[in-house]
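This is what each chain is made of:
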Amino acid sequence: MMPNDPMMLLSYVNTQLRDNYPSLQELCAAEGAEEEAVKEKLSQIDYEYDAELNKFV
């Protein structure tokens with residue numbers, strides 16, 4: 001289960017993307033999470049997904 005707190009979510013997602021998943025889409029599929037919901041939550045703290053870097057920046 002992904003963390004609900006945006007800062008914890010950022011850390012968790014970027015770590016998972018770095019270590020285990022080649023894309024946000026694959027991470028969300030594995031976690032049963034909505035990709036748009038993750039993007040929206042992290043946009044609240046001014047982070048957006050960079051597919052080329054495969055991380056939120």
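Residues numbered from 1 in each chain as written. Predicted model: local features only at pLDDT ≥ 70, side-chain atom pairs only at ≥ 80, totals over all residues. Heavy atoms only, no water.

1. Here's the deal with helix 1 (residues 6-19)
No. 1: A rise of 1.5 Å per residue sets the reference length of helix 1, with its 14 residues, at 20 Å; its end C-alpha atoms lie 20 Å apart and thus fit the reference within 8%.
No. 2: For helix 1, every residue scored as buried is listed here: Pro6, Leu9, Leu10, Val13, Asn14, Gln16 and Leu17. Projection of helix 1 onto a plane perpendicular to its axis shows the buried side chains occupying an angular sector of 160°, all on one side. For helix 1, the exposed residues lying more than 90 degrees away from the buried face are Met8 and Arg18.
No. 3: In this structure, the buried residues of helix 1 make contact with helix 2 (24-31), helix 3 (35-43), strand 1 (49-50) and strand 2 (55-56). (Helix = DSSP H or I, 4+ residues; strand = E, 2+ residues; numbered from the N terminus. Expected span 1.5 Å × (residues − 1). Buried < 20%, exposed > 50% of the residue type's maximum accessible area, 1.4 Å probe, protein only. Arc of directions from axis to C-beta. Contact = heavy atoms within 4.5 Å.)

2. Concerning the pattern of salt bridges
Pairing between side chains of opposite charge can happen when their charged atoms approach one another.
No. 1: Under the defined criterion, the tally for this structure stands at three salt bridges.
No. 2: Of the charged contacts in the structure, one is a salt bridge between Arg18 and Asp19, with a shortest N-O distance of 2.8 Å.
No. 3: For Lys39, the salt bridge is made with Glu35, and the minimal N-O distance between the two is 3.5 Å. Of this pair, Lys39 and Glu35 both sit in helix 3, four residues apart, which is roughly one turn of the helix. (Salt bridge = Lys/Arg side-chain N within 4 Å of Asp/Glu carboxyl O.)

3. As for unusual backbone geometry
No. 1: In this model, Asp46 sits at a positive phi of 65°, which is unusual for a non-glycine residue.
No. 2: Relative to the helices and strands, Asp46 is located in the loop between helix 3 and strand 1.
No. 3: Despite not being glycine, Asn54 has its phi angle at roughly 55°, a positive value.
No. 4: Mapped onto the fold, Asn54 is located in the loop between strand 1 and strand 2.
No. 5: Taking relative accessible area as the criterion, Asn54 reaches 12% and is therefore assigned buried.

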